[in-house]
Amino acid sequence: MNAANALLSPTIAFIPLLSGLVGYGQNFLKPASKVNFKNSLKEKKEGETRRLTMDLKTYFNKKTVCFIAFAFLMSCAKIVSPVGGEKDTEQPKVLGSIPTNESTNFATDEITLLFDEYIVLDNPNQILISPYMKGRPDFKVRGKKLIIEFNEKLQADITYTINFGKAIQDLNERNVLDNLYYTFSTGAFIDSARVVGKVNITQNQESAEGIMVGLYPINEDTLFKKEPPLYISQTNKEGQFEIKNVANKQYEMVALGDKNFNYYFDLPNEPIAFIDSVLDFTDTSLHQIQLQLFEESAPLQVKDIINDQYGKTLISLSEKVQTLNVNWLGEQALEDSIKIIKKEDKQNVTIWYSYKNKKNQALEILNGTAVIDTVEIDPPSKAIPDSLSFESNLLEQRTPLLELDTSLILSFNYLLDKVDLSKMEVIEDSILLEVQSIESTIDEENLVLDYQWKGGVFYNLSIPPNSVYDSFGQTNADSLFLDFKVRSLEDYGTLNVAFIDQDSLANYFYELTDKSGKKVWEQGTIEDSLLVFDRIPAGSVKLMIVKDENKNGRWDSGNYLEKQQAEKVFTSEPTTIKANWETELQMKLE
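Please read these numbers as outputs of a predicted model, since none were measured by experiment. (Residues numbered from 1 in each chain as written. Predicted model: local features only at pLDDT ≥ 70, side-chain atom pairs only at ≥ 80, totals over all residues. Heavy atoms only, no water.)

A. Quick peek at the layout of surface pockets. Roughly 1,400 Å³ of volume is contained in the largest pocket. Together, 44 residues line the largest pocket, and Gln203, Lys303, Ser318, Gln347 and Trp555 are the ones closest to its centre. Of all elements in the fold, only strand 37 (508-514), strand 38 (519-525), strand 40 (539-547) and strand 41 (569-571) reach the threshold of two or more residues within the lining of the largest pocket. Here the lining of the largest pocket is built from residues that sort into 12 nonpolar, 18 polar and 14 charged. In this model, the second largest pocket occupies a volume close to 1,200 Å³. What lines the second largest pocket is a set of 30 residues, and nearest its centre among them are Glu403, Lys518, Lys519, Val520 and Trp521. Of all elements in the fold, only strand 26 (401-402), strand 38, strand 39 (530-537) and strand 40 reach the threshold of two or more residues within the lining of the second largest pocket. Here the element with the most residues in the lining of the second largest pocket is strand 38; it accounts for four residues. (1 Å grid on protein atoms, 1.4 Å probe; cavity = no way out; pocket = protein on both sides within 12 Å on 5 of 7 lines; lining within 4 Å. Points joined across faces, edges and corners; volume = space filled by probe spheres on them. Helix = DSSP H or I, 4+ residues; strand = E, 2+ residues; numbered from the N terminus. Nonpolar A, V, L, I, M, F, W, Y, C, P; charged D, E, K, R; others polar.)

Listed below in structure tokens is the structure:
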């Protein structure tokens, strides 16, 4: 017996009893209608009176019996919640389509897909149609049906593929029907050639997700800056792509981080990729391609100006220059109150100024004698500078750490003018050091303290008030304290890197970073097939190798119209460095 029958069984069993009770009431009252009154008119009237009384009793007795029966019925028929089943985890299934999938000689303007359950569309814009259509179809959901209505005339004798991506989901649980394809041909056959591949970001070799990949007919690749490709696809989260049902012809291949969603390359900051050779499908039906995505270098210009600190302006260029020069254009009387620092990277300039003029001042940034740009320095936004404060190069932990064989650096918020450390105290493992044993130098806003800091030893440093002065004449009102430990030699590990397939005539340089991208080793060049990093803090590191084609010591981007690829970058998988341990790593440079 199922749950529904069990629930109704008391009610069903009660029906005969209910019928009996009603029948009994009727039979009990029935003799009143058969009394034989023969004698006098009095008896006749008395009989009529009794009959009326008996009929009223019959009526009310029937009502009473029905009420009792109804009350009993309701007490038996308890309301309970329906018993639920397992959660639906199955994706919708296609039961059929009109026209059928892979139809040829397609001549209609509508497609209907029928599913086994009710569906919804999530973000129809992710649905890709190849070849590209300027007027996107309308996608309409009607219960268990998806209707596709075309808004433009289809091309003749070509195969179309509709990739629904993750757009189709069931109504109740939103289970996704992943990567459903519908294919049809306006010609007599279905084109079957295809290309598969992967797109990586050149500079870090990470997978590039959501990148458009397209095919142009040969000798029409310049249209990439004017029109969408003929065939299109999009990369998944692993950077993988597939273009199916391609006609057997020759094509150029491109990829694009399409920031304005118009399917062609028209913005200078859109990352792109392309291959140097032609994809020829006349002699093979499958190509496997690796694409390297890069962003073209912007024209030499001032990229960023930061005026967010009183008395300091930072200027960054879009790229390094051969000779970085600065020409002051502001008020002549203020020129002596500024200090211009040209960084060694030949790409950044720091301007310190101590004047309190409320007008904008200007200067020129030059590459040699050629003016790159004119920069305005905003007046200070505050009446007075902030109080003097500092940070250090200590690694923040429960006990701050200083790397072995490095200087202790205190970085202040303003350009330093002078320091007096004659009363500074440094305690080394409970022993007070002589101040003369510690060498101090000023480097812009940095106070550098050089000493043979001993590995594994604790230090306590204190600088009394009025010891450090900035360019505004401010000094430290309170004592400055630092407690730290120097990392011991046993805390470091060694990384031995062996290179495979190295081009003996090429130039390479490397960068070693931790998992956050911070440099743990200064950039250097590769001189041999073996590279040794003999003192690396324990943790995860990543090695990047750049094939330096023009020997300028930096990575250079490519150019699409000039058919110049970006310089190749090779990266290792994250590698764990253990303390007091040697780790081996092999890298292919091909």
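Structure shown, so let's carry the discussion forward.
B. Looking closely at empty space enclosed by the protein. The full count for this structure, using the stated rule, is two cavities of 30 Å³ or more. The volume enclosed by the largest cavity comes to roughly 90 Å³. Those elements that place two or more of their residues in the lining of the largest cavity are strand 4 (128-130), strand 7 (159-163), strand 12 (231-234) and strand 13 (240-246). Counted as a void, the second largest cavity has a volume near 60 Å³. Lining the second largest cavity are Leu128, Ile129, Tyr132, Met133, Arg136, Ile232 and Tyr263. Residues belonging to the lining of the second largest cavity are distributed by class as follows: six nonpolar, no polar and one charged.

C. Seen up close, the side chain of Asn245. In this fold, Asn245 is placed in strand 13. Non-local contacts of Asn245, meaning those with residues more than four positions away in its chain, are made with Thr159, Thr161, Thr183, Ile190, Asp191, Ser192, Ala193 and Tyr231. (Contact = heavy atoms within 4.5 Å.)

D. Geometry of the packing of aromatic side chains. Taken as a whole, this structure holds 24 aromatic pairs when the rule is applied. Between Phe274 and Tyr560, the aromatic rings sit 5.6 Å apart at their centres with planes inclined by 75°, giving edge-to-face as the arrangement. A residue pair is termed long-range when its members are at least 10 positions apart, and Phe274 in strand 15 (residues 272-274) and Tyr560 in the loop between strand 40 and strand 41 qualify at 286 residues. Seen from their ring centres, Tyr414 and Phe472 are 5.4 Å apart, and the 85° between their planes marks the pair as edge-to-face. Here Tyr414 is found in the loop between strand 27 (408-412) and strand 28 (416-419), whereas its partner Phe472 is found in the loop between strand 34 (468-470) and strand 35 (480-486), with 58 residues between them in sequence. Classification of Tyr414 by relative accessible area gives buried; the value is 1%. One aromatic cluster in this structure is built from Tyr216, Phe224, Phe265, Phe274, Phe294 and Tyr560. The ring of Tyr118 is capped by Lys144, whose NZ or CZ atom sits 5.3 Å from the centre of that ring. (Phe/Tyr/Trp six-rings, centres within 6.5 Å; stacked < 30°, edge-to-face > 60°. Buried < 20%, exposed > 50% of the residue type's maximum accessible area, 1.4 Å probe, protein only. Lys NZ or Arg CZ within 6 Å of the ring centre and 35° of its normal.)

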